[in-house]
Amino acid sequence: MKIALFITCFNDLLYPDVGKAVVRLLNRLGHEVEFPEDQTCCGQIHFNTGYRDECVPLVRSFDQAFDGFDAIVSPSASCATMVRHHHETVARHSGDASLVASVAEVSPRVYELSEFLVDVLGVTDVGAVFPHSVAFHPTCHSLRLLAIGDRPRRLLEAVSGLELVELPGATECCGFGGTFAVKNADTSVAMGEDKIGALIGTGAEVLASADTSCLMHLGGLLSRQRSMVRVMHLAEILASTGPAR
Amino acid sequence: MSGSPAGREPLPTFAGTPPFPEAARTALADEQLRRNLRHATTTIRTKRGRAVAERPDWEALRLAGAAIKDDVIARWPELLTQLEANVTAAGGIVHWARDGAEANAIVAGIVRAAGATEVVKVKSMTTQEIELNEALAREGIEAWETDLAELIVQLGRDLPSHILVPAIHRNRDEIRDIFRAEMGAAGRPAPADLSNEPRELAEAARLHLREKFLRAKVAISGANFAIAETGTVMVVESEGNGRMCLTLPETLVTVMGIEKLLPTWRDLEVFLQLLPRSSTAERMNPYTSMWTGVTPGDGPQAFHLVLLDNGRTDVLLDEVGRQALRCIKCSACLNVCPVYERVGGRAYGSPYPGPIGAILTPQLRGIARHPVDEQTASLPYASSLCGACFEVCPVRIDIPEVLIQLRTQVVRQHGWRARTFGEEPVAMRALSTAFANPGRLDLAERVAGGAGRVVGRRGRIGRLPLPGLLGAWFRRRDLPAPARTSFRRWWRSRSSRGES
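Residues numbered from 1 in each chain as written. Chains lettered and ligands numbered in written order. Predicted model: local features only at pLDDT ≥ 70, side-chain atom pairs only at ≥ 80, totals over all residues. Heavy atoms only, no water.

Novice: I would appreciate a short explanation of the interface of chain A and chain B in the present structure.
Specialist: Accessible area lost during the coming together of the parts is what is often quoted as the interface size. The interface is formed by 62 residues belonging to chain A together with 65 residues belonging to chain B. Per-residue buried area on chain A facing chain B is highest for Leu13, Tyr51 and Arg224 of chain A; these three make up 13% of the total on that side. Here chain A and chain B share 12 salt bridges between them. When the shortest N-O distance is used, the salt bridge between Arg144 of chain A and Glu391 of chain B registers 3.2 Å. Seen at the junction of chain A and chain B, the total is 30 residue pairs in polar contact (both at pLDDT 80 or more). (Contact = heavy atoms within 4.5 Å. Buried area = accessible area lost by both parts, 1.4 Å probe. Salt bridge = Lys/Arg side-chain N within 4 Å of Asp/Glu carboxyl O. Polar contact = N/O pair within 3.5 Å; in protein donor to acceptor, adjacent residues only side chain to side chain.)

Shown next as structure tokens:
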């Protein structure tokens, strides 16, 4: 199986450790991973903000970069959603029949990390060790659009030493919402503060999620409030073989 | 020049509401409002979940509801004509109104012809949309709201903030104070020793309204449904005030948006299951009133049905946006919306608040045909696109999909000044250019990484006094500093070392 890592522009620049964790994890499970260097951005920022024309070249370059892989694995539920659910809309908007065809070819091969591990590789115990208490934030895109369900939970429950704590109101949006976070910053922050209020009440040491975008927002609020709670991507926990550094 | 009865100060309207981010900021600062909203939405959300879970065929009902409404829209002219013919045959009079002004003029004419100077009203979103009360006030006609929550809003000279529970932003103490201070000027006063007990508040409202029900010659209602094949019009409600209005006065005027149509009587089977469970979390609503034209010797002897367009046919222009016309105004989407829960309804600047308002208001205001004002253009962005609304919508309106669609229309309507100098359009183009090829992205990442090293401390960027959208991030949040080595650089160095 020819596996590509779709890092996402966001992780590439702000959270490179998440990408490294995916590589380490998949290598440990015995799989080679390639990083097609022509990849840039899936176009989600443009699409969700209403810039559909500007999105077309990004969809085209995505399909070129990832042509020929059996599985395209991403540590981002929201970017995986963009490719699987919305690239088709962009392609149809472009009126370019060849783009519609290449999207139909490439998009279904994109998997969010936990989907890939559980559904394609068939593993839930990835041999990780992480002796910390963890609250999991199931992001809106992973929950409602990708419908990855309890896959991340099953993976976390199998991690040695990990204590999974219930996050009250877990399914409610954290308030990130892409450009919503800056266009409606006050509302976004109000939603995020309620979320971290619930989080801090759990006493968890770590907040984990399948999207670093939500974690950037929640982590940004925690950091400003000088909280000791750390935010970590699911991949970093699954790649871990001991206490967090 | 007074816009209200008896020379009092003008009634408040949504006109002048600032764009959503600004209106939201004001609402967020109101701690009492946030507590009231959180309590009310959380309660109703939980109850709705239970009521819906009782139905194993809920998804099938949703699909049927969506299909029936889509069929209505596809056969609009035919079904509307059929409705008109059947209402007329049953002794009713049908009027067609292109917009709110036409509808208001028709209603005022009917009230005047009936020799009345006041009307009682059943709770109606459509008449709020066209600001009928304000229009009647200008004609010297007093319109009395008889739904409890609408009465609270009206007496408080307030604006509604929820479709179903318009006074959701008020708690019991505030309601007692409004009743004590305002009921006397509008009719029977509240008892001087009125407490904040729901039972006492309801009794005060009942006595206050009773004299209006018995006196009024004309009633005005909206409609939840109208059946084309029989000409039957229907209102569902919880308090019985509707039944009073629909049966006691001599003349009944119903103002109905043309999307309220259903083809057949049988279709009610679907909607009378979907609507109560979604809106009040009840298996069945307490009062269901139906009437077909006029029945001699029983109920109003004159019935007028005003069929209102007011932008609805414009909504049809947008293939994606038109699903908003399925809406049955249940307000389930409001109750689950994390944005609505925090800012309340008035920030949306329209009687239709929350997620459905964010997609309906811009479309009714003609966004598909012409540029809209700044407040209207801000509504499609008043959402984090979390999708909770779509999940609960009983007629499967994919609200996030429509929000994104409307955002493309807002962007398309940017003038040359916004395109050239606007922070967001310029940033979006710059990003698109940077992302156009990996070399440029790599360069941008190195620049960002360098900048991050300058302003970052221990891997994070704290308070940055920046203007605009970027500054909005930093007011209450930090940001991780861009990595010194991006993933792609790390990968390249790793590959060149021959690692795998």
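Novice: Got a minute to help me understand the sheet that holds strand S5 (residues 163–165) of chain A in this structure?
Specialist: In sheet architecture, strand pairing relies on hydrogen bonds along the backbone and comes in two forms, parallel and antiparallel. Residue and element names in this part refer to chain A. The four strands are arranged S5-S4-S6-S7 in an open sheet whose pairing can be described as parallel. Two strands lie at the open edges of the sheet, namely S5 and strand S7 (230–233), each paired on one side alone. Across the sheet, the mean angle from the axis of one strand to that of its neighbour is 35°, orientation sign disregarded. Sheet topology note: the strand S4 (residues 133–137)/S5 ladder contains three bridges and is parallel. (Pairing = 2+ DSSP bridges. Helix = DSSP H or I, 4+ residues; strand = E, 2+ residues; numbered from the N terminus. Axes fitted to C-alpha atoms, helices over the stretch in contact; angles between N-to-C directions.)

Novice: How do you make sense of the packing of aromatic side chains when you look at a structure like this?
Specialist: The geometry of an aromatic ring pair is captured by the separation of the ring centres together with the interplanar angle, meaning the angle of the planes. Under the criterion given, the structure shown has 15 aromatic pairs over all chains. Consider the rings of Phe35 of chain A and Phe487 of chain B, whose centres lie 5.0 Å apart with planes at 70°: the pair is edge-to-face. With Phe35 of chain A in the loop between helix H2 (16–28) and helix H3 (44–49) and Phe487 of chain B in helix H24 (residues 487–496), the pair connects residues from two separate chains. Accessibility expressed as a relative area gives 0% for Phe487 of chain B, which makes it buried. The structure contains a cluster of three or more aromatic residues connected by ring pairs, namely Phe35 of chain A together with Phe487, Trp490 and Trp491 of chain B. The side chain of Lys69 of chain B reaches across the aromatic face of Phe271 of chain B, ending 5.7 Å from its centre. The ring centre of Trp473 of chain B lies 4.2 Å from the NZ or CZ of Arg477 of chain B, which sits over that ring. (Phe/Tyr/Trp six-rings, centres within 6.5 Å; stacked < 30°, edge-to-face > 60°. Buried < 20%, exposed > 50% of the residue type's maximum accessible area, 1.4 Å probe, protein only. Lys NZ or Arg CZ within 6 Å of the ring centre and 35° of its normal.)

Novice: Hey, could you run me through the environment of Asp478 of chain B in this one?
Specialist: Along the chain, Asp478 of chain B falls in the loop between helix H23 (468–474) and strand S12 (479–480). The spatial distance from the C-alpha of Asp478 of chain B to the C-alpha of Arg460 of chain B is 6.7 Å, given a sequence separation of 18 residues. Setting aside its immediate chain neighbours within four residues, Asp478 of chain B contacts Met216, Gly220, Ser223, Arg224 and Arg226 of chain A together with Arg460, Ile461, Gly462, Arg463 and Trp473 of chain B. Of the polar contacts made by the side chain of Asp478 of chain B, one reaches the side chain of Arg224 of chain A; its length is 2.7 Å.

Novice: Before we go on, may I ask you to explain helix H9 (residues 172–186) of chain B in this structure?
Specialist: The α-helix advances 3.6 residues per turn, and as a result positions three or four apart in sequence lie on the same side. Residue and element names in this part refer to chain B. The end-to-end C-alpha separation of H9 is 20 Å, in line with the 21 Å expected for 15 residues at 1.5 Å each. A bend of about 35° at Arg180 is the largest found in H9. All of the buried residues in H9 are Ile175, Arg176, Ile178, Phe179, Met183 and Ala186. At its buried positions, H9 is contacted by strand S3 (142–145), helix H8 (148–155) and helix H10 (198–215). Of the residues that open H9, the one with a side-chain oxygen 3.3 Å from the backbone nitrogen of Asp173 is Asn171. (Expected span 1.5 Å × (residues − 1). Bend = angle between axes of the 7 residues up to and from the residue.)

Novice: Before we go on, may I ask you to explain a positive patch on the surface in this structure?
Specialist: A contiguous patch of positive charge on the surface is contributed by Arg24, Arg28, Arg230 and Arg245 of chain A. Residue position: Arg24 of chain A is located in helix H2. (Patch = residues over 30% accessible without salt bridge, like charges linked within 9 Å, V, L, I, M, F, W, Y side chains within 5 Å. Areas by Shrake-Rupley, 256 points an atom, 1.4 Å probe, with all protein chains shown as cover. Lys, Arg positive; Asp, Glu negative; His and termini not counted. Charge placed at Lys NZ, Arg CZ, Asp CG, Glu CD.)

Novice: Whenever I open this one, unusual backbone geometry confuses me. Can you help?
Specialist: Note: most residues except glycine have negative phi, and most peptide bonds are trans. Residues and elements named next belong to chain B. The backbone of Lys329 shows a phi angle near 55°, a positive value even though the residue is not glycine. Among the secondary structure elements, Lys329 is positioned in the loop between helix H13 (312–315) and helix H14 (332–336). Since its relative accessible area comes to 11%, Lys329 is described here as buried. Positive phi is not limited to glycine here, since Arg396 has a value of about 55°. In this fold, Arg396 is placed in the loop between helix H18 (388–392) and helix H19 (399–412).

Novice: Explanation requested: the side chain of Lys195 of chain A in the structure shown.
Specialist: All names here are of chain A. Structurally, Lys195 is set in helix H11 (residues 185–202). Buried within the structure, Lys195 lacks any salt-bridge partner; its nearest side chain of opposite charge belongs to Glu172, at an N-O separation of 6.2 Å. In contact with Lys195, other than residues within four places in its own chain, are His137, Leu167, Gly169, Ala170, Glu172, Cys173, Cys174 and Leu218.

Novice: Help me understand the environment of Leu156 of chain A in this model?
Specialist: Residue and element names in this part refer to chain A. The topology assignment puts Leu156 in helix H9 (residues 151–157). Judged by relative accessible area, Leu156 falls into the buried class, the value being 0%. Distance in space between the C-alpha atoms of Leu156 and Cys79 is 22 Å, their sequence separation being 77 residues. Those residues in contact with Leu156, other than ones at most four positions away along the chain, are Phe136, Leu162, Leu164, Leu234 and Ile237.

Novice: Quick question: what am I supposed to make of the sheet that holds strand S6 (residues 232–237) of chain B here?
Specialist: Residue and element names in this part refer to chain B. Spatially, four strands are ordered S8-S5-S6-S9 in an open sheet, and the strand pairing comes out mixed. One side of each edge strand has no neighbouring strand; the edge strands of this open sheet are strand S8 (261–262) and strand S9 (287–292). Sheet topology places strand S5 (residues 225–227) next to S6; three bridges connect them, and they run antiparallel. What sits directly across from Ala226, in S6, is Val233.

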